[in-house]
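Chain residues, written in single-letter form:
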Amino acid sequence: MEYSKTFISEGMAQIIIYKVVSSEGETLERARSRAPVFYNPIMNMNRDSAILALGALQRRLSRPLTICEPMCGTGIRGIRMALEVPKVREIVLGDMSPHAVRLTEKNIGLNGMSERVRVRRMEANLLLSLHARPLARFDYTDIDPFGTPAPFIDTVARATKRDGMVALTATDMAPLCGVNVRACIRKYGSTSLRTGYSHESALRILIGSFIRGAAIHEVASKPVFSFFADHYIRLYMLLDRGKMRVDKSLREIGYLLNCSACKSIRSEKSGLDDRMRICEVCGSEMKAAGPLWLGNLADDDFCLDMIECSKDSFIGSNRRLINIIRKVRGEIDMPPGFFVLDELSSNLGVASRRLNPVIDGLRNAGFKAAVSHANNRGLKTDASVEAVKRIVLELNVKGV
Ligand SMILES: C[S@@+](CC[C@H](N)C(=O)[O-])C[C@H]1O[C@@H](n2cnc3c(N)ncnc32)[C@H](O)[C@@H]1O
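On a predicted model such as this, the values are computed, not experimentally measured, just so you know.

A.B. asks: If you had to explain the layout of surface pockets to someone new, which residues and values would you point to?
C.D. replies: Of the volumes computed, that of the largest pocket is approximately 720 Å³. When contributions to the lining of the largest pocket are tallied by element, the ones reaching two or more residues are α1 (28-34) and α3 (76-84). Element by element, the count of residues in the lining of the largest pocket is highest for α1, at three residues. Here the lining of the largest pocket is built from residues that sort into 17 nonpolar, eight polar and eight charged. Approximately 550 Å³ is the volume found for the second largest pocket. Along the walls of the second largest pocket sit 24 residues, with Ser 221, Lys 222, Lys 248, Ser 249 and Trp 293 positioned nearest its centre. Elements with a minimum of two residues in the lining of the second largest pocket: α2 (44-61), β7 (160-170), β8 (219-229), β9 (232-241) and α10 (243-250). Per element, the largest residue contribution to the lining of the second largest pocket is four residues, and it comes from β8. Per-class residue counts for the lining of the second largest pocket are nine nonpolar, four polar and 11 charged.

A.B. asks: Quick rundown of the site of the ligand? Include the residues and the values.
C.D. replies: Glu 69, Asp 95, Glu 123, Ala 124 and Asp 144 are the nearest of the 19 residues found near the ligand. Between a nitrogen atom of the ligand and a main-chain N or O atom of Met 96, the distance comes to 3.2 Å. Within the backbone of Ala 124, an N or O atom sits 2.8 Å from a nitrogen atom of the ligand. Summarising the interface, the protein chains cover 90% of the accessible area of the ligand, which totals 600 Å² for the free molecule.

A.B. asks: For empty space enclosed by the protein, give the residues involved together with the corresponding values.
C.D. replies: In total, this model carries three cavities of 30 Å³ or more according to the counting rule given. Leu 341, Ser 345, Ala 351, Ser 352, Arg 353, Arg 354, Pro 357, Val 358, Val 392, Leu 395, Asn 396 and Val 400 together form the lining of the largest cavity. Elements supplying a minimum of two residues to the lining of the largest cavity: α13 (341-348), α14 (355-364) and α15 (385-398). Across the lining of the largest cavity, the residue classes break down as seven nonpolar, three polar and two charged. Each pocket or cavity is described by its volume, and for the second largest cavity that value is around 40 Å³.

So, how was this worked out
- Residues numbered from 1 in each chain as written.
- Predicted model: local features only at pLDDT ≥ 70, side-chain atom pairs only at ≥ 80, totals over all residues.
- Heavy atoms only, no water.
- 1 Å grid on protein atoms, 1.4 Å probe; cavity = no way out; pocket = protein on both sides within 12 Å on 5 of 7 lines; lining within 4 Å.
- Points joined across faces, edges and corners; volume = space filled by probe spheres on them.
- Helix = DSSP H or I, 4+ residues; strand = E, 2+ residues; numbered from the N terminus.
- Nonpolar A, V, L, I, M, F, W, Y, C, P; charged D, E, K, R; others polar.
- Near = heavy atom within 4 Å.
- Polar contact = N/O pair within 3.5 Å; in protein donor to acceptor, adjacent residues only side chain to side chain.
- Areas by Shrake-Rupley, 256 points an atom, 1.4 Å probe, with all protein chains shown as cover.

Dropping the structure here:
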């Protein structure tokens, strides 16, 4: 099939993409994946988040940055980084598709970035391995694949400086959210679970998998910003050196137990035995997801720096992204998982109502409470399921 090309603008870049026309009965998504070079406008927010995270990294490192994006498609992400992030020294893009490399070369030239951005036709693991030597490593490496980033975890940890940052996108939500558990075990070495909060546990599985993969090289890592949106999850992991730090991050990996009978959630940092699978609230058998990351999904200072960087950029007007950052900040220091208000209400046999009065009720009772960034009916709190249910029932009696 012949594809025509067209110009589009995204951020400060103007690039050429292949025009996507869906045939009868075909979704636009399917048609996009057929195009000779993949470009998804929906991932604009994902790329905006990368610009802000790089800005926040730049504030920490205070040196000209080197960047690698080994699966670059049209080159849009790397070109935007060169145009929009201050003090970027060099960007190495890669793709194994010859069409993608040719188009990226054109797009680099079109944006006048040939001095700082170059593209190589190469398999991503090979390109990253060529940069595994200490002096060849990048400050920031961005893995944005089709589906899972798992096959690139080892090489990206090796190719990134020990105080640098790795960004990962995953779109394989079926394995990560408990729909295809076997695939999750194969790719991430973890069991996933289908629950109301599976998008959050998907993030935790990928974070845990990255931490364990980096630990092999005695590299410590922690998430400084991570989120779920649309059809993907996205992580920003800050690396660090030191065996003690590696051990510390590994101690934050464990299991998340879910009771489908009473909706209680519990985490276990050690291993699991049969006794631990009994729900302490109702005595039913709980199901476990993990191993996964039980710590924070973000770092407060890093999120604040991202928000600060957005003020110097047109990304400040991307209200959706800024709200996600704000909500992710609100989740810091909350226990893993969240209650879905509609599930709790149906469990209690009462009508589901507004979330804000429940949050206020919990806060007035001395608990932490906030809405989850991953679900606008999701309640993050340090209160037990029984305490939350009590407040939901009280509000129902009052008709709030
Ligand atoms: C999701 S697209 C990348 C989109 C791009 N990062 C963006 O922000 O628009 C994935 C790209 O990875 C390339 N790719 C897939 N597997 C690869 C591999 N193992 N090595 C190098 N490139 C690969 C594909 O050709 C495709 O262009």
